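Given next are the chains, with one letter for each unit.
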Amino acid sequence: MKILITGALGHIGSRLIHSLKPGQFEEVILLDNLMTQRYSSLFHLPKGVLFKFFEKDICTADLNEYFKGVHAVIHLAAITDAASSFNKKEMVEETNYSGTEKVARACIQNGCRLVFPSTTSVYGTQKESVDENCSVEELKPQSPYAESKLKAEQLLIQLGNEKKLNFIIGRLGTIFGTSIGMRFHTAVNKFVWQACLKQPITVWKTAMNQKRPYLDLNDAISALLFIIKKDLFPNQVYNIVTANSTVKEILDLIKISIPHLNVEYVDSPIMNQLTYTVSNEKIKKQGFVFKGNLRKGIQDTIKLLKGVVEK
Ligand SMILES: NC(=O)c1ccc[n+]([C@@H]2O[C@H](COP(=O)([O-])OP(=O)(O)OC[C@H]3O[C@@H](n4cnc5c(N)ncnc54)[C@H](O)[C@@H]3O)[C@@H](O)[C@H]2O)c1
């Protein structure tokens, strides 16, 4: 079976491609425009896996050239920094919505199944606990990034109904854990970075005791491979979340290794008064088992940075 991964050099993609084993897939096609310069994700790829890398932009490339004969597309390419998405709304819309439309239409044309990673930040809801049955009217994305993901979700549902696109939408929690193409602008990773460099830990004023959904990178990779192996393309949404935690719980785990943290409360355009937890029961009912662990993910990240930890 041939698979294709867009945005393959990013945080999730780099871990995914480095975890692949010989014989798992016949061919693995990688597309990335290198806008985030993660060349290192291509270093020392596993031997015996047939990778083909193309430096291409999903918004401008002729995707049919790459999608022919591909069984499943894992569409990771996106502009992913939610906080800075307020300053580049058009670019975010172009990549995350229009780019996804191009990818979806190329999937339809070439008969590929589509795995679309959305985000639990589409919820932003008033309810304490939410699952996939939360109606579109109840969803309250808090940033142009989350809005673009929700709009793309709705387009896929429409293309599923009208054009027989086969897809799954995974609403991923905020990722923690390490990869060779790692980024540090999401909650857990950013706090660990700041703690290691003895910088103030910048916490949004309202966030300390708010619960939010997080996803271990190991669980994210296992879930993507589980979906393909199980051929789970029901044209539905599945939450993919290891644990719901507060910032305080995250900081307490960092303190095990770095006891003195200097917390600075800051304003953020995506700050709100909401605390919510996201259910992962639906994917568990399919037989998926979450094995991730926030404590271990944080320790692994601190270990990665131990050479730069100030004494
Ligand atoms: N990391 C998280 O916490 C998280 C949480 C929820 C959902 N997601 C989703 O998972 C996917 C992957 O996330 P990630 O953390 O690996 O992101 P990332 O930013 O680390 O990687 C995205 C990759 O896409 C590439 N890219 C961007 N625009 C492109 C374009 N037009 N054409 C080709 N390549 C392009 C970038 O160069 C980068 O390598 C994204 O869709 C993201 O929205 C991530």
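Residues numbered from 1 in each chain as written. Predicted model: local features only at pLDDT ≥ 70, side-chain atom pairs only at ≥ 80, totals over all residues. Heavy atoms only, no water.

Attention shifts here to a nonpolar patch on the surface. On the surface, Y39, F43 and I180 cluster together into a nonpolar patch covering about 300 Å² of accessible area. Topologically, Y39 is positioned in the loop between strand 2 (27-32) and strand 3 (51-55). (Patch = residues over 30% accessible without salt bridge, like charges linked within 9 Å, V, L, I, M, F, W, Y side chains within 5 Å. Areas by Shrake-Rupley, 256 points an atom, 1.4 Å probe, with all protein chains shown as cover. Salt bridge = Lys/Arg side-chain N within 4 Å of Asp/Glu carboxyl O. Helix = DSSP H or I, 4+ residues; strand = E, 2+ residues; numbered from the N terminus.)

With that out of the way, let us pick up the packing of helix 5 (residues 187-196) against helix 9 (residues 294-304). Between helix 5 and helix 9, whose axes approach to 10 Å, the crossing angle comes to 45°. Overall, the two elements helix 5 and helix 9 adopt an arrangement that is oblique. For the element pair helix 5 and helix 9, the recorded crossing hand is right-handed. In this structure, helix 5 uses V188, V192 and C196 to contact helix 9, whose residues at the interface are L294, I298, T301 and I302. (Axes fitted to C-alpha atoms, helices over the stretch in contact; angles between N-to-C directions. Parallel < 35°, antiparallel > 145°, perpendicular 65-115°, else oblique. Left-handed = near helix turned anticlockwise from the far one by under 90°. Contact = heavy atoms within 4.5 Å.)

This part takes up the site of the ligand. Not every one of the 29 residues close to the ligand is listed here, only the nearest: D32, R38, T80, Y145 and K149. Here an oxygen atom of the ligand and a backbone polar atom of G10 are 3.2 Å apart. At 2.7 Å, a side-chain N or O of K149 approaches an oxygen atom of the ligand. With the chains in place, 98% of the 830 Å² that the ligand exposes on its own is no longer accessible. Mapped onto the shell around the ligand, the elements with two or more residues apiece are helix 1 (11-18), strand 5 (113-119), helix 4 (144-163) and strand 8 (174-176). With three residues, the single largest contributor to the shell around the ligand is strand 5. (Near = heavy atom within 4 Å. Polar contact = N/O pair within 3.5 Å; in protein donor to acceptor, adjacent residues only side chain to side chain.)

Right, let's talk about the sheet that holds strand 11 (residues 237-240) for a bit. Pairing is parallel across the open sheet formed by seven strands, whose spatial order is 3-2-1-4-5-7-11. Only two strands of the sheet have a single neighbouring strand rather than two, namely strand 3 and strand 11. Strand-to-strand twist in this sheet, taken as the mean axis angle between neighbours without regard to direction, amounts to 20°. Relative to strand 4 (residues 72-75), strand 1 (residues 2-6) is paired through four bridges, and the arrangement is parallel. Bridge pairing in strand 4 places I5 opposite I74. Where helix 1 meets the sheet, it contacts strand 1, strand 2, strand 3, strand 4 and strand 7 (167-172), and its direction lies at approximately 150° from that of strand 1. Its contacts with the sheet put helix 4 on strand 5, strand 7 and strand 11, and the angle it makes with strand 5 is roughly 150°. (Pairing = 2+ DSSP bridges.)

With that out of the way, let us pick up the packing of helix 1 against helix 6 (residues 217-230). Where helix 1 meets helix 6, the axes come as close as 10 Å, and the angle between the chain directions of the two elements is 65°. By the criterion of interaxial angle, the relationship of helix 1 to helix 6 is roughly perpendicular. Taken as a pair, helix 1 and helix 6 cross one another with a handedness that is right-handed. Contacts between helix 1 and helix 6 involve H11, I12, R15 and L16 from the former and L217, N218, I221, L224 and L225 from the latter. Tallied by class, residues from the contact of helix 1 with helix 6 come to six nonpolar, two polar and one charged. (Nonpolar A, V, L, I, M, F, W, Y, C, P; charged D, E, K, R; others polar.)

With that settled, consider the packing of aromatic side chains. The way to describe two aromatic rings as a pair is by their centre distance and the angle between their planes. In the structure shown here, the tally under the stated rule is four aromatic pairs. When the ring of F226 is compared with that of F288, the centres are 5.3 Å apart and the planes differ by 65°; the resulting orientation is edge-to-face. Separated by 62 residues along the polypeptide, F226 in helix 6 and F288 in the loop between helix 8 (281-285) and helix 9 bring together distant segments of the chain. A relative accessible area of 5% means that F288 is categorised as buried. On the numbers, 4.9 Å between centres and 90° between planes, the contact of F288 with F290 is edge-to-face. You'll find F288 and F290 in the same group, each marked buried. Taken together, the aromatic side chains of F226, F288 and F290 make up a single cluster linked through ring pairs. The ring centre of Y97 lies 4.3 Å from the NZ or CZ of K151, which sits over that ring. Sitting over the ring of Y123, R171 keeps its end group 4.9 Å from the ring centre. (Phe/Tyr/Trp six-rings, centres within 6.5 Å; stacked < 30°, edge-to-face > 60°. Buried < 20%, exposed > 50% of the residue type's maximum accessible area, 1.4 Å probe, protein only. Lys NZ or Arg CZ within 6 Å of the ring centre and 35° of its normal.)

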